[in-house]
Amino acid sequence: MLKALSGVKAVLRVSHSKLDGLYIASIEECLADMRVKGILDPKPSDPNIMSAVKLYCQSLHGDPAHSDAFMRRYEQKRDGLTMAEGYGWRKSDE
């Protein structure tokens, strides 16, 4: 989770640790949303998952003028992953 936290803080351009608890909660919330929407096992170590997490956190904690755009980009990324093999579905012979 520390690597995910540092990735989120980098994209938000935050260097202090005062809001780390808030950012960790947002990361966990994003991963839970992915599970609910059909991503089988979202791991922050996966670059595609981390990309979606960063978009999600930017929508919540970034520039309010762009929050809707970041949320749309997150939802598009998440929904695309739900249809990708290994993320949202597995071959039936596995």
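Scroll up to find the structure this text is about.
The paragraphs below set out a description of the structure included in this document.

About the cut-offs
- Residues numbered from 1 in each chain as written.
- Predicted model: local features only at pLDDT ≥ 70, side-chain atom pairs only at ≥ 80, totals over all residues.
- Heavy atoms only, no water.
- Helix = DSSP H or I, 4+ residues; strand = E, 2+ residues; numbered from the N terminus.
- Rg over C-alpha atoms; globule rule 2.2 N^0.38 Å.
- Buried < 20%, exposed > 50% of the residue type's maximum accessible area, 1.4 Å probe, protein only.
- Contact = heavy atoms within 4.5 Å.
- Areas by Shrake-Rupley, 256 points an atom, 1.4 Å probe, with all protein chains shown as cover.
- Lys, Arg positive; Asp, Glu negative; His and termini not counted.
- Charge placed at Lys NZ, Arg CZ, Asp CG, Glu CD.
- Disulfide = S-S within 2.5 Å.
- Phe/Tyr/Trp six-rings, centres within 6.5 Å; stacked < 30°, edge-to-face > 60°.

### Concerning the overall build of the protein chain
- Of regular secondary structure, the protein chain possesses four helices and zero strands.
- Along the protein chain, from the amino end to the carboxyl end, the secondary structure elements read α-α-α-α.
- Against the globule reference of 12 Å for 94 residues, the protein chain gives a C-alpha radius of gyration of 14 Å, in line with a compact fold.
- Counting only C-alpha atoms, the protein chain reaches 50 × 25 × 20 Å along its principal axes.
- For the protein chain, with 94 residues in total, the buried portion stands at 35%.
- Considering only contacts within the protein chain whose residues lie at least 6 apart along the sequence, 52% involve residues at least 24 apart.
- Carbon and sulfur atoms provide 52% of the accessible area of the protein chain, an area that totals close to 5800 Å².
- Across the protein chain, the 14 positively charged side chains and the 13 negatively charged ones have centroids separated by 5 Å.

### Focus: the state of the cysteines
- Under the criterion given, the structure shown has zero disulfides.
- Summary of cysteine pairing: C30 is not part of a disulfide, and the nearest cysteine sulfur, belonging to C57, is at 6.4 Å.
- By relative accessible area, C30 is classed as buried at 0%.
- According to the relative accessible area criterion, C57 is buried, its value standing at 0%.

### Considering the side chain of K9
- Mapped onto the secondary structure, K9 falls in helix 1 (residues 2–12).
- Excluding residues that lie within four positions of it along the chain, K9 makes contacts with V14, S15, H16, S17, D20 and Y23.

### With respect to the side chain of D20
- Structurally, D20 can be placed in helix 2 (residues 20–36).
- By relative accessible area, which is 17% here, D20 ends up buried.
- Apart from residues no more than four positions distant in its own chain, D20 is found in contact with L5 and K9.

### Details of the packing of aromatic side chains
- Taken as a whole, this structure holds one aromatic pair when the rule is applied.
- An angle of 65° between the planes, with centres 5.0 Å apart, marks the rings of Y56 and Y74 as edge-to-face. Of this pair, Y56 sits in helix 3 (residues 47–61) while Y74 sits in helix 4 (residues 67–82); the two residues are 18 residues apart in sequence, bridging distant segments of the chain.
- Judged by its relative accessible area of 7%, Y56 falls in the buried class.

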